[in-house]
Amino acid sequence: SAESALGNLFTDLMRAARPDADVALYNGGGLRADLPAGPLVYGAFYEALPFDNRFAHVRMTADDLARMLVRNATRDTSFLSVSGVRAQLRCVRGELVASLTREDGRALAGDEEIDVVVSDFLATGGDGVLSEVREREGALRLEDDPPLRDAMVEVLRTRGGSLAASSLFDPANPRVALPSDRPVSCE
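None of the values given here were measured: they were computed from a predicted structure.

Chemist: Lay out the sheet that holds strand β6 (residues 113-119) with the relevant residues and their values.
Modeler: Strand order in the open sheet formed by 5 strands is β3-β1-β6-β2-β7, with mixed pairing between adjacent strands. Each having just a single partner strand, β3 (80-83) and β7 (140-142) make up the two edges of the open sheet. In this sheet, adjacent strand axes meet at a mean angle of 25° when their direction is disregarded. In terms of strand pairing, strand β2 (residues 55-61) meets β7 through 3 bridges, oriented antiparallel. Within the sheet, the bridge partner assigned to His57 lies in β7 and is Arg141.

Structure (structure tokens):
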């Protein structure tokens, strides 16, 4: 229901597995277990991500992504974890608006086209997240590769080393900064 180290890890791994993507999104409902401390084994990763979802790519504008994040913030549904951008949501004259910046701090122009990597669950209508975007001609590309979980595990194998939750989520500097707890209301 809120930003988490696990959601941030999964979206970072999705982008690492698909480096041509500008942004990765993952729905909090797909996070099913925490990763235990100590050496990570495949079984623990499988418990955290038990679905055999595949990668999907969605072409959209930065404005499309901003609207999705605003809509997600105003609902009491699973939180959308994000990698590749930072979102600042704020109330302006009674309306929730979002501004997006790349990780290097550069602002994303509203009409700027971006490639967003998601699970095929989200791409095919799950959680209603991509409803306005996925119907556009040529906006959606589904992959037929092995499950995204396996690609994420391979990224971890290649990297080696250790992970610390504190390096993945800093509550004082969230990837999606909200003006209040979800669901956000600007009334």
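Chemist: Would you mind going over the layout of surface pockets in detail, with residue names and values included?
Modeler: Volume-wise, the largest pocket comes out at about 550 Å³. Its residues assigned to classes, the lining of the largest pocket comprises 17 nonpolar, 4 polar and 2 charged. Of the pockets and cavities examined, the second largest pocket occupies roughly 230 Å³. As for the second largest pocket, its lining consists of 13 residues, of which Ala2, Glu3, Leu178, Asp181 and Arg182 are closest to the centre. When its residues are assigned to classes, the lining of the second largest pocket shows 7 nonpolar, 2 polar and 4 charged.

Chemist: Which residues make up the pairing of strand β5 (residues 95-102), and what are the values?
Modeler: Within a regular beta strand, the side chains point alternately toward one face of the sheet and then the other, so they alternate between its two faces. Relative to β5, strand β4 (residues 85-92) runs antiparallel, the two being bridged by 8 bridges. Bridge assignment links Arg90 to a residue of β5, and that residue is Val97. Turn length for the β4-β5 hairpin, with the two strands adjacent in sequence and antiparallel, is 2 residues, and the turn residue Arg93 shows positive phi of about 50°.

Chemist: Tell me about the packing of aromatic side chains, residues and numbers included.
Modeler: Summed over all chains, the structure comprises 3 aromatic pairs. On the basis of an interplanar angle of 85° and a centroid distance of 6.2 Å, the ring pair of Phe10 and Tyr26 is categorised as edge-to-face. Residue Phe10 is located in helix α1 (residues 5-17), and its partner Tyr26 is located in strand β1 (residues 23-27); the two are separated by 16 residues in the primary sequence. Measuring from ring centre to ring centre gives 5.2 Å for Phe10 and Phe45, while their planes differ by 50°; the resulting arrangement is tilted. Linking Phe10 in helix α1 with Phe45 in helix α2 (residues 42-48), this pair joins segments that are 35 residues apart in sequence. The exposure class assigned to Phe10 is buried, which follows from its relative accessible area of 0%.

Chemist: So what's going on with the packing of α1 against helix α5 (residues 148-159)? Residues and values would help.
Modeler: The geometry of α1 relative to α5 is characterised by a closest axis approach of 9 Å and an angle of 85° between their N-to-C directions. In terms of their interaxial angle, α1 and α5 are classed as roughly perpendicular. Taken together, the residues of α5 that come into contact with α1 (itself represented by Phe10, Leu13, Met14, Ala16 and Ala17) are Ala151, Met152, Val155, Leu156 and Arg159.

Conventions we followed
- Residues numbered from 1 in each chain as written.
- Predicted model: local features only at pLDDT ≥ 70, side-chain atom pairs only at ≥ 80, totals over all residues.
- Heavy atoms only, no water.
- Pairing = 2+ DSSP bridges.
- Helix = DSSP H or I, 4+ residues; strand = E, 2+ residues; numbered from the N terminus.
- Axes fitted to C-alpha atoms, helices over the stretch in contact; angles between N-to-C directions.
- 1 Å grid on protein atoms, 1.4 Å probe; cavity = no way out; pocket = protein on both sides within 12 Å on 5 of 7 lines; lining within 4 Å.
- Points joined across faces, edges and corners; volume = space filled by probe spheres on them.
- Nonpolar A, V, L, I, M, F, W, Y, C, P; charged D, E, K, R; others polar.
- Phe/Tyr/Trp six-rings, centres within 6.5 Å; stacked < 30°, edge-to-face > 60°.
- Buried < 20%, exposed > 50% of the residue type's maximum accessible area, 1.4 Å probe, protein only.
- Parallel < 35°, antiparallel > 145°, perpendicular 65-115°, else oblique.
- Contact = heavy atoms within 4.5 Å.

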